[in-house]
Amino acid sequence: MPGRLNVAKADHKFAASNQSRRIQFIVVAGVLQLAFLIIFGIFVRYDSAADAKYIGDPDVVAKKRGVSGSSTLGPPVKDDLASYYSMFQDIHVMMFVGFGFLMTFLKRYGFSSVGINMFLACIVIQWSTIVRGCFHLHDGKITFGVVDLLYSDFSCVGILISYGCVLGKLTPVQMMIMAMIQVPIFVGNEYLGLEIFMVKDVGGSIFLHIFGAYFGLFVSLVTFDRNVAGHRSDSTIYHSEIFSMIGTLFLWMFWPSFNSAVALQDSRLRGVINTYITLSSCTVVAFLLSAALTEDRKFLMMHIQNSTIAGGVAVGSVADMQLQPWGAMLIGVVAAIVSVTGYRFLTPKLEKIRFHDTCGVNNLHGMPGLISGIASAIACAVASREMYGDSLFVVFPAMAPANTTVTVSLLNGDHEIKTGLGRTPGTQGLYQLAAIGCTLAVAIVGGTLTGLILRLPFFDSYDRVTYYSDEPHWHRPEDGFPDRFTQLIYHKGETQVVPEHRVDDVTLRGATYEVKVNQAYELQEAN
């Protein structure tokens, strides 16, 4: 029987390709972890505050107590456990619970959304420790302290944002390769912006959100397959939307910590306050617009899951600046407008030109990140000693005098400020804009090249049947719609047996079929 023979051949090819993907994953993951183990064994060491042999060093003792051992203000104290570990915990929850559950909205991809999110984060934590450490070697070694925990999680953000663009479309192996390529590009761009350009980006809206969003979008563009558009599994069900909302709530609650974790002195408190107010106003306007822009004036869960937290991104680069509460509120309003209208009007247009964005990352991270970057340029340009007082050179180190030190009075006493570059506020604002342009260029070029690499034939990719499905890589319990059962196909009096995952491919001799759900699952010819 020709129909039955064709189905059997297709099923054999389907099973073989899945087995190939699984073996490829085992090999690549094993090689990467072995490489990390060797590199850590040779190069990575505890920072002095965590190393027992430095216990008698007065500077180290001061750091362990949460006090800087230096009289000069600079970057965050590397080993201030009391000050930074609580922030790290909040951000850690955001990475593994917030981002993980936010992406569980796909009805057949929940295991992968949470599980691969966790797996990728752990790959990035190790790889970014190595890459970041190469920019800050100490006697030829990479040292690891409490603030490095924070920066490792920050590295995860950019990769997980890009993951949202290609969710359900790339295999775990392709995701690993993407992360391995993306981390060095991300760290290099961040080093250029923070260390060379000396721009302000305390919440990472420029170097994390803009970079991750547009890197992922161009990976998605280059790896685009016409079969992903309109795929039946690229959809949601009631409980998957609820799980996704759990991720939203965790992100919403902990975003003030994310935007203020590496801020100094009074800047940290401003970061918490500004983010809190921005998220609140953003949420109200997101609900309002969600109802206003749908035809039946009902809320759309996609807007509530994503646009309510767009304010956290939009305020990121300016979180530690003197916005005043009304300014933070205004940023939240603008972020909600841009995000909701982006989902409603822009996303469908982008999909028509092959920018298929599974999670709507452009609306949550990309455009709100651009808002934050532009706001940071304006905030820098209007900054003054009258507005910031003695904190001016703490918030904007590049504005500190280039040839002389300045003593300022802060919360914990008088401090000498490191010599800066003597920039004017206007010049600092231009550097903020330059950082946005540079980040966009790096993300677009890097994403395009990465997408081309992922299309190479030896990286086994998904096909139409396996997009947005946990089936290729996970054992799944029955959930009321089991995959492993016998279905009957009636075709001109013949009975044929196919597994459920082939339902989409059943078009024998041009006939169309629909599923009739009852005690036995039957696939019957449609009238």
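Residues numbered from 1 in each chain as written. Predicted model: local features only at pLDDT ≥ 70, side-chain atom pairs only at ≥ 80, totals over all residues. Heavy atoms only, no water.

Now for the confidence of the model for the chain. Mean pLDDT over the chain: 84, with 80% of residues reaching 70 or higher. In this model residues 1-12 is a low-confidence stretch, pLDDT under 50, and it forms 14 contacts with partners more than four residues away in sequence or in other chains. Here residues 64-79 is a poorly scored stretch, pLDDT under 50, and it has 43 contacts once near neighbours within four places are set aside; other chains count. (pLDDT = per-residue confidence, 0-100. Contact = heavy atoms within 4.5 Å.)

For aspartate 357, the location among the structural elements is in the loop between helix 12 (324-352) and helix 13 (361-381). Although aspartate 357 is buried, it makes no salt bridge; lysine 169 carries the closest opposite charge, 6.5 Å away. Polar side-chain contacts of aspartate 357 include one of 3.2 Å to the backbone nitrogen of glycine 360. Of note is the side chain of aspartate 357, whose polar atom sits 2.9 Å from the backbone nitrogen of asparagine 362. In contact with aspartate 357, other than residues within four places in its own chain, are Gly164, Cys165, Lys169, Leu217 and Asn362. (Helix = DSSP H or I, 4+ residues; strand = E, 2+ residues; numbered from the N terminus. Buried < 20%, exposed > 50% of the residue type's maximum accessible area, 1.4 Å probe, protein only. Lys, Arg positive; Asp, Glu negative; His and termini not counted. Salt bridge = Lys/Arg side-chain N within 4 Å of Asp/Glu carboxyl O. Polar contact = N/O pair within 3.5 Å; in protein donor to acceptor, adjacent residues only side chain to side chain.)

The tally for this structure, following the rule as stated, stands at three salt bridges. Of the charged contacts in the structure, one is a salt bridge between arginine 132 and glutamate 190, with a shortest N-O distance of 2.8 Å. Placement of arginine 132 in helix 4 (residues 110-134) and of glutamate 190 in helix 6 (residues 172-196) is noted, with a sequence separation of 58 residues between them. When the shortest N-O distance is used, the salt bridge between lysine 200 and aspartate 320 registers 3.0 Å. One end of the pair, lysine 200, is in the loop between helix 6 and helix 7 (205-222); the other, aspartate 320, is in the loop between helix 11 (310-314) and helix 12, and 120 residues separate them in sequence. Judged by relative accessible area, lysine 200 falls into the buried class, the value being 13%.

What follows concerns helix 5 (residues 146-165). In a regular helix each residue adds 1.5 Å, so 20 residues correspond to 28 Å; helix 5 covers 31 Å between its end C-alpha atoms and thus fits that length. With respect to burial, helix 5 is a largely interior element, 18 of its 20 residues being buried. (Expected span 1.5 Å × (residues − 1).)

Next up on the list: the environment of arginine 423. Mapped onto the secondary structure, arginine 423 falls in the loop between strand 5 (413-417) and helix 16 (425-454). What makes arginine 423 buried here is its relative accessible area of 11%. When the C-alpha positions of arginine 423 and proline 401 are compared, they lie 7.9 Å apart, and in sequence the two are 22 residues distant. Here arginine 423 is in contact with Ile196, Phe197, Met198, Ala398, Met399, Gln428 and Tyr431, once residues within four sequence places are set aside. Polar contacts involving the side chain of arginine 423 include one to the main-chain carbonyl oxygen of methionine 198, which spans 3.5 Å.

On to the packing of aromatic side chains, then. Per the counting criterion, the structure on display carries 19 aromatic pairs. Ring geometry for tyrosine 467 against tyrosine 468: centres 6.3 Å apart, planes inclined by 50 degrees, an arrangement best described as tilted. Each member of the pair, tyrosine 467 together with tyrosine 468, is buried. Among the aromatic side chains, those forming a connected cluster through ring pairs are Tyr151, Phe154, Trp255 and Phe258. Sitting over the face of the ring of tyrosine 431, arginine 423 holds its NZ or CZ atom 3.6 Å from the ring centroid. (Phe/Tyr/Trp six-rings, centres within 6.5 Å; stacked < 30°, edge-to-face > 60°. Lys NZ or Arg CZ within 6 Å of the ring centre and 35° of its normal.)

Before going further, it helps to examine the packing of helix 3 (residues 81-102) against helix 8 (residues 238-260). Where helix 3 contacts helix 8, the two axes come as close as 8 Å, and the packing angle between them is 155 degrees. In terms of orientation, helix 3 and helix 8 fall into the roughly antiparallel class. In the packing of helix 3 onto helix 8, the handedness of the crossing is left-handed. Packed against helix 3, whose contacting residues are Met87, Asp90, Ile91, Val93, Met94, Met95, Val97, Gly98, Phe99, Phe101 and Leu102, the element helix 8 presents Phe243, Ser244, Gly247, Thr248, Phe250, Leu251, Phe254, Trp255, Ser257, Phe258 and Ser260 at the interface. Of the residues in the contact of helix 3 with helix 8, the class split is 15 nonpolar, six polar and one charged. (Axes fitted to C-alpha atoms, helices over the stretch in contact; angles between N-to-C directions. Parallel < 35°, antiparallel > 145°, perpendicular 65-115°, else oblique. Left-handed = near helix turned anticlockwise from the far one by under 90°. Nonpolar A, V, L, I, M, F, W, Y, C, P; charged D, E, K, R; others polar.)

Further remarks concern the packing of helix 12 against helix 13. Packing of helix 12 against helix 13 leaves a shortest axis separation of 9 Å and a crossing angle of 125 degrees. The pairing of helix 12 with helix 13 is recorded here as oblique in orientation. Relative to helix 13, helix 12 is oriented so that their crossing is right-handed. Contacts between helix 12 and helix 13 involve Val334, Ala335, Val338, Ser339, Gly342, Tyr343, Leu346, Thr347 and Leu350 from the former and Asn362, Asn363, Leu364, Met367 and Ile371 from the latter. In the contact of helix 12 with helix 13, the residues fall into nine nonpolar, five polar and no charged.

By the element assignment, phenylalanine 345 lies in helix 12. With relative accessibility at 40%, the residue phenylalanine 345 sits in the partly exposed group. Sequence spacing of phenylalanine 345 and leucine 293 is 52 residues, and the spatial spacing of their C-alpha atoms is 9.8 Å.

Looking now at helix 16. With 30 residues, helix 16 extends 43 Å between its outermost C-alpha atoms, agreeing within 8% with the 44 Å of an ideal straight helix rising 1.5 Å per residue. For helix 16, the full list of buried residues reads Gln428, Gly429, Gln432, Ala435, Ile436, Thr439, Ala443, Gly446, Gly447, Thr450, Gly451 and Leu454.

Bringing the side chain of serine 469 into the picture now. Position of serine 469 among the secondary structure elements: in the loop between helix 16 and strand 6 (487-491). Contacts of serine 469, omitting those with residues within four sequence positions, involve Arg108, Tyr109 and Arg476.

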